[in-house]
Amino acid sequence: MTTPESPSTIGLTTISRTVASLAVGVVHTLERAVVGEARMRTARGNAWEAVCADRARADQRAELDRLVTELAAARAAVRDRQPVS
């Protein structure tokens, strides 16, 4: 008993995967050539940048909270000084 063999064709997904793979290779090689080995982006570098960005956002939130607290205290002080009529 023989089974019919499917014809060997290249589908659209095969072509797009091949093109994408080649594009990634070209970009990676180009980045190495332009930026240099020492300045290549790595997962560790990306993670550290994310940590630094999170810390910066936390600092900005803390500063904003401090300013809001100061403004609320100043407003309460002005309201307390106004004579009651």
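In the block above lies the structure referred to throughout.
K.L.:
Outline the overall build of the protein, listing residues and values.
P.N.:
Scanning the protein from N- to C-terminus turns up two helices and zero strands. Counting every position in the protein, which comprises 85 residues, the buried fraction comes to 1%. Of the roughly 8,100 Å² that the protein leaves accessible, carbon and sulfur atoms contribute 62%.

K.L.:
Any chance you could break down the pattern of salt bridges for me, citing the residues and the numbers?
P.N.:
This model, assessed by the stated rule, comprises three salt bridges. For Asp54, the salt bridge goes to Arg57, with nearest N and O atoms at 2.2 Å. Of this pair, Asp54 and Arg57 both sit in helix α2 (residues 43-81), three residues apart, which is roughly one turn of that helix. Residue Asp54 is classed as partly exposed on the basis of its relative accessible area of 42%. Between Arg66 and Glu70 there is a salt bridge, and its shortest N-O distance comes to 2.3 Å. Residue Arg66 and its partner Glu70 are located together in helix α2, separated by four residues, close to a single helical turn. For Arg66, a relative accessible area of 38% translates into the label partly exposed. On the accessibility criterion, Glu70 (44% relative accessible area) is partly exposed. Through salt bridges that share partners, Glu63, Arg66 and Glu70 make up one connected network.

About the cut-offs
Residues numbered from 1 in each chain as written. Predicted model: local features only at pLDDT ≥ 70, side-chain atom pairs only at ≥ 80, totals over all residues. Heavy atoms only, no water. Helix = DSSP H or I, 4+ residues; strand = E, 2+ residues; numbered from the N terminus. Buried < 20%, exposed > 50% of the residue type's maximum accessible area, 1.4 Å probe, protein only. Areas by Shrake-Rupley, 256 points an atom, 1.4 Å probe, with all protein chains shown as cover. Salt bridge = Lys/Arg side-chain N within 4 Å of Asp/Glu carboxyl O.

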